[in-house]
Amino acid sequence: MLAASVLATSMSFAVPSYAQEETIKVGILHSLSGTMAISETTLKDTMLFLIDEQNKKGGLLGKKLEAVVVDPASDWPLFAEKARELISVNKVSAVFGCWTSVSRKSVLPVFEELNNILFYPVQYEGEESQRNVFYTGAAPNQQAIPAVDYLMNDEGVERWVLAGTDYVYPQTTNKILQAYLESKGVAKEDIMVNYTPFGHSDWQTIVTDIKNFGSAGKKTAVVSTINGDANVPFYKELANQGIKAEDIPVVAFSVGEEELAGLDTAPLVGHLTAWNYFQSVDTPENADFIAKWKEYTKNPDRVTNDPMEAHVIGFNMWIKAVEKAGTTEPDAVIDSIIGVSVPNLTGGYSAMMPNHHITKPVLIGEIQADGQMETVWQTSGLVVGDEWSDYLPDSKDLIADWRAPMSCGNFNVAAGKCGGKGTN
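Residues numbered from 1 in each chain as written. Predicted model: local features only at pLDDT ≥ 70, side-chain atom pairs only at ≥ 80, totals over all residues. Heavy atoms only, no water.

J.: What exactly am I supposed to notice about the overall build of the protein chain here?
T.: Helices and strands together make up the secondary structure of the protein chain, namely twelve helices and 19 strands. A globule of 424 residues ought to have a C-alpha radius of gyration of about 22 Å, and the protein chain, at 21 Å, matches this closely. Judged by the C-alpha coordinates and their principal axes, the protein chain covers about 65 × 55 × 40 Å. Looking at the 424 residues of the protein chain, the share that counts as buried comes to 59%. Considering only residue pairs separated by 6 or more positions, the protein chain has 67% of its internal contacts joining residues 24 or more positions apart. As displayed, the protein chain offers around 15800 Å² of accessible surface, 50% of which is attributable to carbon and sulfur atoms. Here the protein chain contributes 32 positively and 54 negatively charged side chains, and the mean placements of these two sets differ by 4 Å. (Helix = DSSP H or I, 4+ residues; strand = E, 2+ residues; numbered from the N terminus. Rg over C-alpha atoms; globule rule 2.2 N^0.38 Å. Buried < 20%, exposed > 50% of the residue type's maximum accessible area, 1.4 Å probe, protein only. Contact = heavy atoms within 4.5 Å. Areas by Shrake-Rupley, 256 points an atom, 1.4 Å probe, with all protein chains shown as cover. Lys, Arg positive; Asp, Glu negative; His and termini not counted. Charge placed at Lys NZ, Arg CZ, Asp CG, Glu CD.)

Listed below in structure tokens is the structure:
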């Protein structure tokens, strides 16, 4: 069902074509096939929708916007090739794309070399601030750490399973979480860490291990950084082994409304997700967006999710920065976008900070039978994305500020100097 849904979605929209001199080209770099298509295809559709909406308003700088869509096919080296193609061959003014951190890491050298702009819409592990990238998804302090705080303070969790897909985002996030938990007095033997490959399907042994780990008499939770279609058999196996949310709750950072749309959600009711937006958020801005999205897709069952909202924010920030600069030239846009503020869908405004991260609220949601989230906790205001973790010894003294004269992604405040390009 999931594969059929993804295929249908990826074929749903034709990209309008305009004469080259009349358009501003926008690159869309999302997997439409492979293990990440379950999550990324809808982001391609979101960008087509946003571009269509902007063109209805008259385009940008007196020109129509033209989407250029490529399929990096969940193949991390192919992301770099497709990014180069978008910039060098298709001459796009900016790119909206990537999901996994390994795909983002793959394209970083391309955007730096060719001096273009990437808007990255997904929660990630931090430990990075690159001049050519704008991070509109959550940093760990805008998702992972608040989720752990909620479980610890509100649910009384004492034992922790950090379960992730085997690549940089889960590994680094869990490294930060483990250091954070230990700083809160959690013993090492009360932390279990497990990684599985992309597309992993046989969860029986791992879920049994989780069940046994949770039988020590201490409240246990799973913090999940499992990505892509591996989530489907993971949650099925939890249900098969009778693991309920009241026994061992799972809080997921990469499962949203889109992933749940293909699942029998009944056994998942009560498990948690941590994001910065839910479709169920009750604001006029969100209601308007959902109505227009469903009208555009001609499908009343299409859902919205957090990375979609991140693309909405990033796209509108890019539009505003281009208008402010009077050009799509990357250097001018990079300078003009800092401080730009646009409405988010949860009510209020998100701002682009000097570290190329944005301000966001944090929401903890409980999965409902209809695949939607009921917000059970949220921050009182917006949280500034922290690019370098305070809990890792190599990062705690680092900050990023891309304004002149600093123009540095990893300035060491203890040493008083810039360490380089802004990535580890």
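On we go from here.
J.: When you look at the nonpolar core in this model, what are you seeing that I'm missing?
T.: Side chains that are nonpolar tend, in soluble globular proteins, to be buried together. L29, L65, F315 and W318 are the most contacted members of the largest nonpolar core, which totals 63 residues. Examining the composition of this core, we find that nine residues originate from one element, helix α11 (residues 306-325), more than from any other. Ranked by size, the runner-up nonpolar core spans 30 residues in total, among them A230, V232, L268 and V281. (Core = buried A, V, L, I, M, F, W, Y, C linked by side-chain atoms within 4.5 Å.)

J.: Explain the pairing of strand β15 (residues 373-378) here, please?
T.: Two faces make up the sheet, and in a regular strand the side chains alternate between them. Pairing of strand β14 (residues 363-367) with β15, which is carried by five bridges, proceeds in the antiparallel orientation. Considered in β15, the bridge of I364 is made with W377. From the end of β14 to the start of β15, which pair antiparallel, there are five residues, and G371 there has a positive phi angle of about 85 degrees. (Pairing = 2+ DSSP bridges.)

J.: Help me out: how do you make sense of the sheet that holds strand β2 (residues 64-70) in this one?
T.: Strand pairing in a sheet relies on backbone hydrogen bonds, with the paired strands running either antiparallel or parallel. If you walk across this open sheet you meet the five strands as β2-β1-β3-β4-β5, and the pairing is parallel. The open sheet is flanked by β2 and β5 (133-135), the only strands paired with a single partner. Strand-to-strand twist in this sheet, taken as the mean axis angle between neighbours without regard to direction, amounts to 25 degrees. Across two bridges, the pairing between strand β3 (residues 94-97) and strand β4 (residues 118-120) is parallel. The residue bridging V95 from the neighbouring strand is L118, located in β4. (Axes fitted to C-alpha atoms, helices over the stretch in contact; angles between N-to-C directions.)

J.: I'm lost on the state of the cysteines in this one. Help?
T.: By definition, a disulfide links two cysteine residues through a covalent bond between their sulfur atoms. Enumeration according to the criterion identifies one disulfide in this entry. At a sulfur-sulfur separation of 2.1 Å, the disulfide partner of C408 is C418. One quick way to see it: the torsion about the S-S bond of C408 and C418 is about 90 degrees, and its sign makes the bridge right-handed. Pair noted here: C408 is in strand β18 (residues 408-412) and C418 is in strand β19 (residues 417-418), with a separation of ten residues, a long-range link. Given a relative accessible area of 0%, C408 falls into the buried group. C418 sits in the partly exposed class, given a relative accessible area of 37%. (Disulfide = S-S within 2.5 Å.)

J.: Just to check I follow, could you spell out the side chain of E66 for this structure?
T.: Along the chain, the position of E66 falls in strand β2. The buried charged residue E66 lacks any salt bridge partner; its closest oppositely charged side chain belongs to K25, at an N-O distance of 4.7 Å. (Salt bridge = Lys/Arg side-chain N within 4 Å of Asp/Glu carboxyl O.)

J.: Is there a simple way to explain the sheet that holds β18 in this structure?
T.: Spatially, β17-β18-β19 is the arrangement adopted by the three strands of the open sheet, whose pairing is antiparallel. The open sheet has two edge strands, β17 (398-401) and β19, and neither has a second partner. Judged from the two bridges that link them, β18 and β19 form a sheet pairing that is antiparallel. Opposite F411, over in β19, you have C418 as the bridge partner.

J.: Please clarify how helix α12 (residues 330-337) should be interpreted in this entry.
T.: Since the α-helix turns once every 3.6 residues, residues separated by three or four places project in the same direction. Among all positions of α12, only P330, V333, I334, S336 and I337 are buried. Buried residues in α12 make contact with β4, β5 and α11. Of the residues one or two after α12, G339 is the one with positive phi, at around 95 degrees.

This is a description of form; function is not addressed.
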